[in-house]
Structure formats: C-alpha cells, structure tokens
Amino acid sequence: MKIVIQSSALADLAEGYDFYERNETGLGSYFLDSLYSDIDSLQLYAGIHLIQFDKYHRLLAKRFPHGIYYRVEEQTVLVRAVLDLRRDPKWIKRRLQ
C-alpha cells in the first residue's frame, strides 16, 4: 500500500518538531522518528483504526499524545493531519474539514 503524506500533515509534523525541540534539544528529532514509524505502520494496518468525525481513521501515536488522521482510497493511504490530542476536539474537527 502506498502512503501519501499531504502538505497539511507535513506542516503538522514540522510544528510538532519545533515544539518538542524548543523544550529539549534532540526531542524534536525523536518526535519525527517516532511519528514516521507510526505512519509507516499504515502499510500493514491501514483501515483498522476507528473512524473519527465521519471521515478519517485515527491512528494513536505510540510515544506522543498525537493522532494521525488518514483515509484509505483504493491502494493509497492519504495522511491528512498529525494533531496533538490535547487540543479541544472541536478545534480538531474544524481542522480536518
């Protein structure tokens, strides 16, 4: 299965990197390594996660409080967003629309 990380998700990853790197040097790189590993797991497990907001599957990141929101279209996984789950659910819903 092919994985496509959309520009909105890439921006989310960059924002997360900046946040964690400001808190501790090297933590931003660990954040990216962890999240990309979670995204890579979608090659095997795409489509098994619960659907949120009537449209997107949500994979919970293993090491950070983030959700990876994606859709499966034919043989392609489209990663739409990587969002901090400590945010208001209403904000997350608006962000995905």
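Our structure's up above, just so we're on the same page.
Read on for an overview of the structure.

About the criteria used
Along each chain, numbering runs from 1 in the same order as the chain's sequence is written. This being a predicted model, a pLDDT of at least 70 is required before a residue's local features are given, and a value of 80 or more before pairs of side-chain atoms are given or counted; all residues contribute to the totals for chains, interfaces and linings. To obtain the side-chain values, all non-hydrogen atoms of the structure were included, while hydrogens and water were left out. Salt-bridge detection follows one rule: a side-chain nitrogen of Lys or Arg within 4 Å of a carboxyl oxygen of Asp or Glu. Helix numbering and strand numbering both begin at the N terminus, where a helix is a DSSP run of H or I of at least 4 residues and a strand a DSSP run of E of at least 2. Working definition: with a 1.4 Å probe on protein chains only, accessible area under 20% of the residue-type maximum means buried, over 50% means exposed, and in between means partly exposed. Strand pairing is defined by DSSP finding a minimum of two bridges between the two strands.

## Brief notes about the pattern of salt bridges
Next up, step 1: For the structure shown, the criterion picks out three salt bridges.
Next up, step 2: Linking Asp 12 and Arg 95 is a salt bridge whose minimum nitrogen-to-oxygen distance equals 2.7 Å. Linking Asp 12 in helix H1 (residues 7-23) with Arg 95 in helix H4 (residues 89-96), this pair joins segments that are 83 residues apart in sequence.
Next up, step 3: Taking the relative accessible area as the measure of exposure, Arg 95 reaches 22% and is therefore partly exposed.
Next up, step 4: Across the pair Asp 84 and Arg 86 runs a salt bridge whose closest N-O atoms are separated by 2.7 Å.

## Examining the pairing of strand S4 (residues 66-73)
Next up, step 1: Direction of pairing for strand S3 (residues 56-60) relative to S4: antiparallel, over a ladder of four bridges. Bridging from a neighbouring strand, Arg 58 pairs with Tyr 69 of S4.
Next up, step 2: Connecting S3 to the antiparallel partner S4 that follows it, the hairpin turn spans five residues.
Next up, step 3: With eight bridges joining them, S4 and strand S5 (residues 76-84) adopt antiparallel strand pairing. When the bridges of S5 are listed, His 66 appears paired with Asp 84.
Next up, step 4: Between S4 and S5, which pair antiparallel and follow one another directly, the connecting turn spans two residues, one of which, Glu 74, has a positive phi of 55°.

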